[in-house]
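# Architecture at a glance
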Amino acid sequence: MAIPDIQPERYAEQLAEKRAYLESTFAPFNPPALEVFESPASHYRQRCEFRIWHEGDDLFYAMFEVDPANPKEKRVVRLDQFAVASESINALMPRLREAFLASDELRRRLFQVEFLTTLSGEALVTLIYHRPLGDAWEQEARALEAELGIMIIGRSRKQRLVLTRDHVWEQLTVDGRTLHYQQVENSFTQPNAHICQKMLAWAREVTANRQNEDLVELYCGNGNFTIALADNFRRVLATEISRTSVASANVNLEANKVTNAHVARMSAEEFALALKGEKSGRRVAEMALEDYRFSTVLVDPPRAGLDEQSCRQISEYDQIVYISCNPATLADNLKVLGKTHQIERFALFDQFPFTNHCECGVWLTRR
């Protein structure tokens, strides 16, 4: 893995390269003009993780990258600051390191540090050890929490000590509304909150004026899109396989007073069977599928994209919102979806500046 080389003065240039790549990749599908949503050029990630590298009495944050001279070897890169990470993370990095250096209890066999922060400055720090944690560690960690105004979790093998709570509360502003999201430690959340706000606003815009129709959402996570889109539709049915994410999504529905959405713990494959009447049981009964009038489907799949069966399943809906973290698999899926649907809107969301990663979205309507 290459550590991003952040050069804010070159941001427009790198964004133009991503634009050119997407326009070239998707040209065979004859999309409309690409909408480009730019990120802050630095300090855009709200979560990061670092190894802790011990050298004698010293220790420091580290990442690893492939040595160009020897591709089989990874070299340790010391990081005292990290321009990719939020300003909150950068402010905490030296203060935490000083605390580790001053305390044998906090530093001993400390292996990794994970940060989860919010736009408003909340910070949850997970300290991961290669040793059991006891009362002495907890006492010093609680003092550090109070000193730095953060929350701490301690982890080691078969141990997870939550000192205050295991989540932060992110507040995203979308179309003039403030949306509240519980984001739980060690579960997936959108890392670039600035771009997430723009992505949610775009999804709201393309799905506007459908209050007499229903939305089905696959891979809903903690309800990121569910919360933002709920008032565009009569009802929303969202599915997600992760138990932690489903629990968090339900907390987020309540926090945002969303009453027209239901989150079911079910894989996309199971849901397809339920729609066909080939799967039954309590979770299927709770969904009350017969009460929905689905017109639109939203998918935000993993990097592998959708398999052919899932593509055929979502092609049964009149409108498709497809959010993709991998343009190559999206282009592959469009070879199937393009038989029944055409691209009405096409967007680049620059989640990860100065990397090759491109997050994009397409709005498809039936031909």
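So, here is what we can say about the structure in this document. Predicted, not measured: the structure shown is a model, and the values here were computed from it.

### Focus: the overall build of the chain
A tally of helices and strands in the chain yields eleven helices and 17 strands. Rg of the C-alpha trace for the chain: 22 Å, near the compact-globule value of 21 Å for 367 residues, within the 12% margin. Principal axes of the C-alpha set define a box for the chain whose edges measure 65 × 50 × 40 Å. Here the chain, with 367 residues, has 53% of them falling under the buried criterion.

### Quick notes on the environment of Arg 97
One can find Arg 97 in helix H2 (residues 87-102). With residues up to four places along the chain from it excluded, the contact list for Arg 97 reads Asp 58, Leu 59, Phe 60, Tyr 61 and Arg 78. At 2.8 Å, the side chain of Arg 97 forms a polar contact with the backbone oxygen of Leu 59.

### Some points on the pairing of strand S8 (residues 159-162)
The pairing of strand S7 (residues 151-156) with S8 spans four bridges and is antiparallel. Residue pairing across strands places Arg 155 opposite Arg 160, the latter belonging to S8. Linking two consecutive strands that pair antiparallel, namely S7 and S8, is a turn of two residues; a positive phi of about 65 degrees is found at Lys 158 within it.

### Quick notes on the pattern of salt bridges
Any two side chains of opposite charge can pair, so long as their charged atoms come close to each other. Applying the stated criterion across every chain yields a total of 26 salt bridges. Residue Glu 65 pairs with Arg 75 through a salt bridge whose shortest N-O separation is 2.5 Å. Here Arg 75 lies in strand S4 (residues 70-79) and Glu 65 lies in strand S3 (residues 58-67), a separation of ten residues in the sequence. When its relative accessible area of 15% is taken as the criterion, Glu 65 is described as buried. Residue classification places Arg 75 among the partly exposed residues on the basis of a relative accessible area of 39%.

### Thoughts on the sheet that holds strand S6 (residues 123-129)
The strands that make up a sheet are held in pairs by hydrogen bonds between backbone atoms, and each pair lies either parallel or antiparallel. With mixed pairing, seven strands are arranged side by side in an open sheet as S4-S3-S2-S5-S6-S7-S8. Single-partner strands in this sheet number two, and they are S4 and S8. Across this sheet, the average inter-strand angle for adjacent strands is 30 degrees, counted without regard to direction. Its contacts with the sheet place H2 against strand S2 (47-55), S3, S4, strand S5 (110-117) and S6, and it is angled at close to 125 degrees to S3. Seen against the sheet, helix H4 (residues 135-148) touches S6, S7 and S8 and runs at an angle of roughly 150 degrees to S7.

### Thoughts on the environment of Tyr 21
Examined against the element boundaries, Tyr 21 turns out to sit in helix H1 (residues 11-26). Taking the C-alpha atoms as reference, Tyr 21 lies 9.3 Å from Cys 358; in sequence the two are 337 residues apart. Residue contacts for Tyr 21: discarding those within four places in its chain leaves Pro 327 and Cys 358.

### Focus: helix H11 (residues 327-337)
Taken as a whole, H11 has its buried residues at Pro 327, Thr 329, Leu 330, Ala 331, Asn 333, Leu 334 and Leu 337. On its buried side, H11 packs onto H1, helix H10 (308-314), strand S15 (319-324), strand S16 (341-349) and strand S17 (359-366).

### Remarks on helix H8 (residues 268-275)
Among the residues of H8, those classed as buried are Ala 268, Phe 271, Ala 272 and Ala 274. Along the axis of H8, the buried positions cluster into a sector of 160 degrees, meaning they face one direction only. Residues of H8 that are buried sit in contact with strand S11 (210-218), strand S12 (233-240), helix H9 (282-287) and H10. Count one or two residues on from H8 and you reach Gly 277, which has phi positive near 80 degrees.

The rules behind the values
- Residues numbered from 1 in each chain as written.
- Predicted model: local features only at pLDDT ≥ 70, side-chain atom pairs only at ≥ 80, totals over all residues.
- Heavy atoms only, no water.
- Helix = DSSP H or I, 4+ residues; strand = E, 2+ residues; numbered from the N terminus.
- Rg over C-alpha atoms; globule rule 2.2 N^0.38 Å.
- Buried < 20%, exposed > 50% of the residue type's maximum accessible area, 1.4 Å probe, protein only.
- Contact = heavy atoms within 4.5 Å.
- Polar contact = N/O pair within 3.5 Å; in protein donor to acceptor, adjacent residues only side chain to side chain.
- Pairing = 2+ DSSP bridges.
- Salt bridge = Lys/Arg side-chain N within 4 Å of Asp/Glu carboxyl O.
- Axes fitted to C-alpha atoms, helices over the stretch in contact; angles between N-to-C directions.
- Arc of directions from axis to C-beta.

Note that every value here comes from positions in space, so none of it alone points to a role or purpose.
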